[in-house]
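Chain by chain, the residues run as shown.
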Amino acid sequence: QVQLVESGGGLVQAGGSLRLSCAASGGTFSSYPMGWFRQAPGQGREWVAGISWSGSSAVYADSVEGRFTISRDNAKNTVYLEMNSLKPEDTAVYYCAANTRDSGVYYSPSRYAAWGQGTQVTVSS
């Protein structure tokens, strides 16, 4: 069973940048499509970005398109989320997730079987 651990969150001013990392152990990371989600207080879990198992394909939510970049290093069993031009509305707990069931990159949290514990990102205005 794959285990996921996020890191890199913190407090940043609006317009700043952060790079989140998600390290995987167990399972076969290089075969899993990965996703990043976020959840703000009182809100549901929102899909942010997804990447194919090979890293050749990435997709983004409209709200982060052009500001965030998802990438992965299969040799290091790690997926990243580079976040630039951060806004206060980006404040949330960010989670990485692995689709261990098939090769699809999905928007729905229910399609991802493995989750990290989350890392807090706070953007001050």
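What you see is a predicted model, and the numbers here were worked out from it, not measured in a lab.

A. Broad picture of the sheet that holds strand β1 (residues 3-7). Overall, antiparallel pairing links the four strands, which are arranged β1-β3-β8-β7 in an open sheet. Two strands bound the open sheet, and with one partner strand each, they are β1 and β7 (68-73). In this sheet, adjacent strand axes meet at a mean angle of 15 degrees when their direction is disregarded. With six bridges connecting them, strand β3 (residues 18-25) and strand β8 (residues 78-83) associate as antiparallel partners.

B. Highlighting the nonpolar core. Membership of the largest hydrophobic core comes to 34 residues, with the highest contact counts inside it found for Leu4, Met34, Trp36, Val79, Leu81, Met83 and Tyr94. Where this core is concerned, the elements lending two or more residues are β3, β4 (34-39), β5 (46-51), β7, β8, β9 (92-98) and β11 (119-124). For this core, the element with the highest residue contribution is β9, accounting for five residues. Residues in contact with Tyr94, not counting those within four places in the same chain, are Glu6, Leu20, Trp36, Phe37, Arg38, Val48, Phe68, Leu81, Met83, Gly118, Thr119 and Val121.

C. How the structure looks around unusual backbone geometry. Phi is positive for Asn77, which is not a glycine, with a value near 55 degrees. Looking at the element boundaries, Asn77 is found in the loop between β7 and β8. Judged by its relative accessible area of 30%, Asn77 falls in the partly exposed class. Phi is positive for Ser85, which is not a glycine, with a value near 50 degrees. With respect to the secondary-structure elements, Ser85 resides in the loop between β8 and β9. Look at Ser85 and you get partly exposed, because its relative accessible area is 42%.

D. The arrangement of the environment of Asp73 in detail. Within the secondary structure, Asp73 is located in strand β7. Spatially, the C-alpha atoms of Asp73 and Ser108 are 23 Å apart, while their sequence positions differ by 35 residues. Aside from chain neighbours lying at most four places away, what touches Asp73 is Phe29, Thr78 and Tyr80. A distance of 3.0 Å separates the side chain of Asp73 from the backbone nitrogen of Ala75, its partner in a polar contact.

E. Layout of the pairing of β1. Only one face of β1 is buried: it carries Leu4 and Glu6, and the other face, with Gln3, Val5 and Ser7, is open. Here β1 pairs with β3 via five bridges, running antiparallel. Across the sheet, residue Glu6 finds its bridge partner in β3, namely Cys22.

F. Structural context of the environment of Thr100. In this structure, Thr100 sits in the loop between β9 and β10 (114-115). Residue Thr100 is classed as partly exposed on the basis of its relative accessible area, which comes to 33%. In this structure, the C-alpha to C-alpha distance between Thr100 and Gln1, residues 99 residues apart in sequence, is 9.2 Å. Excluding residues within four positions of it along the chain, Thr100 makes contact with Val2, Tyr32 and Ala113.

Scoring rules and cut-offs
- Residues numbered from 1 in each chain as written.
- Predicted model: local features only at pLDDT ≥ 70, side-chain atom pairs only at ≥ 80, totals over all residues.
- Heavy atoms only, no water.
- Pairing = 2+ DSSP bridges.
- Helix = DSSP H or I, 4+ residues; strand = E, 2+ residues; numbered from the N terminus.
- Axes fitted to C-alpha atoms, helices over the stretch in contact; angles between N-to-C directions.
- Core = buried A, V, L, I, M, F, W, Y, C linked by side-chain atoms within 4.5 Å.
- Buried < 20%, exposed > 50% of the residue type's maximum accessible area, 1.4 Å probe, protein only.
- Contact = heavy atoms within 4.5 Å.
- Polar contact = N/O pair within 3.5 Å; in protein donor to acceptor, adjacent residues only side chain to side chain.

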